[in-house]
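Residues per chain, in single letters:
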Amino acid sequence: MRNFAAALCTSADKARSPMQTDQSIIGQHDTRLRLEAMRAGGHLPHAVMLCGPTGHGTLAVALNFARQLLTEGLPGTTPTDAQRRSAQAMLTKWAHPDLHFTFPTIKLTSMSSDHQPVSDDFIGQWRAMLTGGDLYFSLEQWLEQIGAENQQAVITGGESDELVRQLSMKSSQGGYKVSVVWLPERMNQTAANKLLKLIEEPPQHTVFIMACEEPGQLLETIRSRVQRIDLPRLTDDDIAAALTERYGMSADEARAVAHLARGNWIEAKAQAGTDDERQLFLDLYMQLMRQAFLRQVVQLRQWSETIAKMGRERQKRFLEYILRMTRECFMSNMQQPDIVYMTRQEAAFATKFAPYVNERNVLQMYDVANLALRDIAQNANAKVVFFDLAVQMIVYLKS
């Protein structure tokens, strides 16, 4: 496959292919070549699912491939230069009439009680997200963009109905109709069943490109009807090169940040810039551990009340941060620097704190944070959950 794709890339088609020239993509060279081989070789399936954790570039690669399909046209056709320029101009703003987006949404207070939210309700914010920076962002960043607060974002059955309506129309430009589905695992049962039927009987010249982070949460019947492509983690070299190019970092600094990012470009960006949330989480984590160590119960109650005022999605991210820092402190204590991933500020705190995270208590600390994460995800009382977590840390830190 690699040799076939490489041969394709020597053609004149390569010279004009957005898949090969787009600088918005970090790494994933082999995946992009594989998609190019499918397109140019006439073996393009009607549904492709790109799978990989947050920050590996599933959405970025999906969008790049959608751009290519809409610019290059159907097999056996050769768009004119004017047609290509027209398509590229529309895709600059991600407003091509044959490109349809599906993504998780929320119910706004302004919506009627019988209205099921659909992607078109948020298409302005979505396009602003795509054009305002790069093509790498997390679900949490998207929720912040649309002001989700404590709401859980889903893809509704109404979204599937709207997609059926859109794709039943004839192609506006005479080429492919492309449906990009971001986080299909966020579909509710109704949406999943309707999308399954649409994938089984796709309209003519329609291609579904899914960008999935947790494929195990999808219906098996959907997974069995798509061409799955797993994206590998980004290499440290790819991330370091992008950091040097985009942020002007020195080679040494870029390599250090790439190591911390662990293949996640979103994490690398956070490390490269000023991440207010990360600093907040570190401050709260240090407060928790210091006050628990000193058995300051009154202060810990105040600490839990502070966190209870956060949105539920942010509370979940903070608990994930506690899990990560517990792991990093333990590995630091075990003298394993090659597999420790902390910022300088985190490492400075861990220098003194890590000895208190050891083989006698690390599993208990990890379990109690995991339990809290589960409870918060199930809408338990945040004050109770976080105060219980804090009190148990008092016990474990004395182990």
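For the structure given in this document, a descriptive report is provided here. Note that the structure is a prediction, hence the values are computed from the model and not measured.

As a further point, take the packing of helix H15 (residues 276-293) against helix H18 (residues 344-353). Relative orientation of the contacting elements H15 and H18 amounts to 10°, with a least axis distance of 11 Å. By the criterion of interaxial angle, the relationship of H15 to H18 is roughly parallel. Together, Arg278, Gln279, Leu282, Tyr285, Met286, Met289 and Arg290 of H15 and Gln345, Glu346, Phe349 and Phe353 of H18 make up the contact between the two elements.

Turning next to the pairing of strand S2 (residues 99-102). Side chains Leu99 and Phe101 of S2 all project onto a buried face; the interleaved residues His100 and Thr102 project onto the opposite face, where all are buried too. Pairing of S2 with strand S3 (residues 177-182) involves 4 bridges; the strand directions are parallel. If you follow Phe101 over to S3, its bridge partner there is Val180.

Moving on: a nonpolar patch on the surface. Together, Phe293, Leu294 and Tyr356 line one region of the surface with nonpolar side chains, adding up to about 270 Å² of accessible area. Topologically, Phe293 is positioned in helix H15. Take Phe293: its relative accessible area is 30%, and that puts it in the partly exposed class.

Aromatic ring pairs are described here by two measures, namely the spacing of the ring centres and the angle between the planes. Scanning the entire structure with this criterion turns up 17 aromatic pairs. Positioned above the aromatic ring of Phe387 is the side chain of Arg301, whose terminal nitrogen or guanidinium carbon lies 4.2 Å from the ring centre. The ring centre of Phe293 lies 4.3 Å from the NZ or CZ of Lys398, which sits over that ring.

Moving on, we come to empty space enclosed by the protein. The final tally for this structure, using the stated rule, is 2 cavities of 30 Å³ or more. Reported here for the largest cavity is a volume of approximately 70 Å³. What lines the largest cavity is a set of 13 residues, and nearest its centre among them are Gly55, Gly57, Thr58, Leu59 and Phe137. Counting residues per element, the lining of the largest cavity draws most heavily on helix H5 (residues 58-72), at 3 residues. When its volume is computed, the second largest cavity comes out at roughly 50 Å³.

We now examine the environment of Ala268. Assignment of secondary structure puts Ala268 in helix H14 (residues 265-272). Spatially, the C-alpha atoms of Ala268 and Ala258 are 6.3 Å apart, while their sequence positions differ by 10 residues. Among residues more than four places away in sequence, those in contact with Ala268 are Ile239, Leu243, Val257 and Ala261.

Glancing now at the pairing of strand S4 (residues 206-212). In terms of residue burial, S4 counts as a mostly covered element, since 7 of its 7 residues are buried. Of the two faces of S4, both are covered, the one formed by Thr206, Phe208, Met210 and Cys212 as well as the one formed by Val207, Ile209 and Ala211. Sheet topology note: the strand S1 (residues 47-51)/S4 ladder contains 5 bridges and is parallel. Bridge assignment links Ala47 to a residue of S4, and that residue is Phe208. Across 6 bridges, S3 lies against S4 in parallel orientation. Residue pairing for S4: Val180 is matched across the bridge by Ile209.

Take the nonpolar core next. Counting residues in hydrophobic clusters, the biggest one holds 61 residues, and the most contacted among them are Phe101, Trp126, Trp142 and Trp182. Counting residues per element, this core draws most heavily on H5, which supplies 9 residues. Aside from chain neighbours lying at most four places away, what touches Trp142 is Phe103, Pro104, Phe122, Gln125, Trp126, Met129, Phe137 and Trp182.

Right, let's get into the sheet that holds S2. Taken together, the 5 strands give an open sheet; going across it, the order is S2-S3-S4-S1-S5, and neighbouring strands pair in parallel fashion. Here the strands that pair on one side only, and so sit at the sheet edges, are S2 and strand S5 (227-230). With direction set aside, neighbouring strand axes in the sheet form an average angle of 20°. On top of the sheet, helix H10 (residues 189-200) reaches S1 and S4; it is set at about 135° to S4, its chief contact.

Conventions used here
Residues numbered from 1 in each chain as written. Predicted model: local features only at pLDDT ≥ 70, side-chain atom pairs only at ≥ 80, totals over all residues. Heavy atoms only, no water. Axes fitted to C-alpha atoms, helices over the stretch in contact; angles between N-to-C directions. Helix = DSSP H or I, 4+ residues; strand = E, 2+ residues; numbered from the N terminus. Parallel < 35°, antiparallel > 145°, perpendicular 65-115°, else oblique. Contact = heavy atoms within 4.5 Å. Buried < 20%, exposed > 50% of the residue type's maximum accessible area, 1.4 Å probe, protein only. Pairing = 2+ DSSP bridges. Patch = residues over 30% accessible without salt bridge, like charges linked within 9 Å, V, L, I, M, F, W, Y side chains within 5 Å. Areas by Shrake-Rupley, 256 points an atom, 1.4 Å probe, with all protein chains shown as cover. Salt bridge = Lys/Arg side-chain N within 4 Å of Asp/Glu carboxyl O. Phe/Tyr/Trp six-rings, centres within 6.5 Å; stacked < 30°, edge-to-face > 60°. Lys NZ or Arg CZ within 6 Å of the ring centre and 35° of its normal. 1 Å grid on protein atoms, 1.4 Å probe; cavity = no way out; pocket = protein on both sides within 12 Å on 5 of 7 lines; lining within 4 Å. Points joined across faces, edges and corners; volume = space filled by probe spheres on them. Core = buried A, V, L, I, M, F, W, Y, C linked by side-chain atoms within 4.5 Å.

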